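Below, each chain spelled out in residue letters.
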Amino acid sequence: YISKIAENNSILEYIEDLNTITEHILQHKDILYSSRPEYVACAIVKKFCDSKGIYIKSFSKINKISDNALKKSIVDKKIMNI
């Protein structure tokens, strides 16, 4: 999911960083395996972009996820510490 999201949002230059962060998060938060993977992936990419100051116009629309679902995935799933 991470690669597809990066491609859809024109941020493929960050794919290595995103994959590394995703692996780290999943190793420490295995509860995420029971969540919708596309939501978790979107939350990781969105939080990464926010932390790096990368603005993606219409992120929710491009990735077909509601703003509420995205916010819930970021907060509830402890992806806050990217």
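Reading the values: the criteria
- Residue numbers restart at each chain and count upward from 1, following the sequence in its written direction.
- Owing to the predicted nature of the model, reporting of local features is limited to residues with pLDDT of at least 70; listing and counting of side-chain atom pairs is limited to 80 or more, with chain, interface and lining totals taken over all residues.
- Hydrogen atoms and water are omitted, and side-chain values are computed over all heavy atoms in the structure.
- The secondary structure listing takes helices from DSSP runs of H or I that are at least 4 residues long and strands from runs of E that are at least 2 residues long, numbered from the N terminus.
- Only protein chains enter the accessibility calculation, which uses a 1.4 Å probe; a residue is then buried when its area is under 20% of its type maximum, exposed when over 50%, and partly exposed in between.
- Working definition of a nonpolar core: buried Ala, Val, Leu, Ile, Met, Phe, Trp, Tyr and Cys residues. They are joined through side-chain atoms within 4.5 Å.
- We call two residues contacting when some pair of their heavy atoms lies within 4.5 Å.
- A pairing counts as a salt bridge when a side-chain nitrogen of Lys or Arg comes within 4 Å of a carboxyl oxygen of Asp or Glu.
- Interaxial angles span 0 to 180 degrees and are taken between N-to-C directions of axes, which are lines fitted to C-alpha atoms, for helices over the stretch in contact.
- Just so you know how the angles are binned, under 35 degrees is roughly parallel, over 145 roughly antiparallel, 65 to 115 roughly perpendicular, and the rest oblique.
- Note on convention: the crossing is left-handed when the near helix lies turned anticlockwise from the far helix by less than a right angle, right-handed when the turn is clockwise.
- Charged means Asp, Glu, Lys or Arg here, nonpolar means Ala, Val, Leu, Ile, Met, Phe, Trp, Tyr, Cys or Pro, and polar covers whatever is left, Gly included.

J.: Describe the overall build of the chain, listing the residues and the values that go with them.
T.: When its secondary structure is counted, the chain shows five helices and zero strands. Going from the N terminus to the C terminus, the chain shows its helices and strands as α-α-α-α-α. The 82 residues of the chain split such that 38% are buried.

J.: Residues and numbers for the nonpolar core, please.
T.: Ile2, Ile11, Leu18, Val45, Cys49, Phe59 and Leu70 are the most contacted members of the largest nonpolar core, which totals 22 residues. Counting residues per element, the ones that place at least two in this core are α1 (2-8), α2 (15-28), α3 (37-52) and α5 (67-76). Among the elements that make up this core, the one with the highest residue count is α3 (eight residues). Beyond its immediate stretch of four places on either side in the chain, Ile11 contacts Ala6, Leu18, Val45, Cys49, Ile54 and Ile56.

J.: Now, about the pattern of salt bridges: what can you tell me, with residues and values included?
T.: Tallied over the entire structure, the rule returns two salt bridges. A salt bridge links Arg36 to Glu38; its shortest N-O distance comes to 2.7 Å. The partly exposed category is assigned to Glu38, whose relative accessible area is 24%.

J.: Account for the packing of α2 against α3, with residues named and values stated.
T.: For the pair α2 and α3, the least separation of the axes is 11 Å and the interaxial angle reads 120°. Looking at the two axes, α2 sits oblique to α3. Considering the relative orientation of α2 and α3, their crossing is right-handed. Residues Asp17, Leu18, Ile21, Thr22 and Ile25 of α2 pack against Ile44, Val45 and Phe48 of α3. Of the residues that constitute the contact of α2 with α3, the class distribution is six nonpolar, one polar and one charged.

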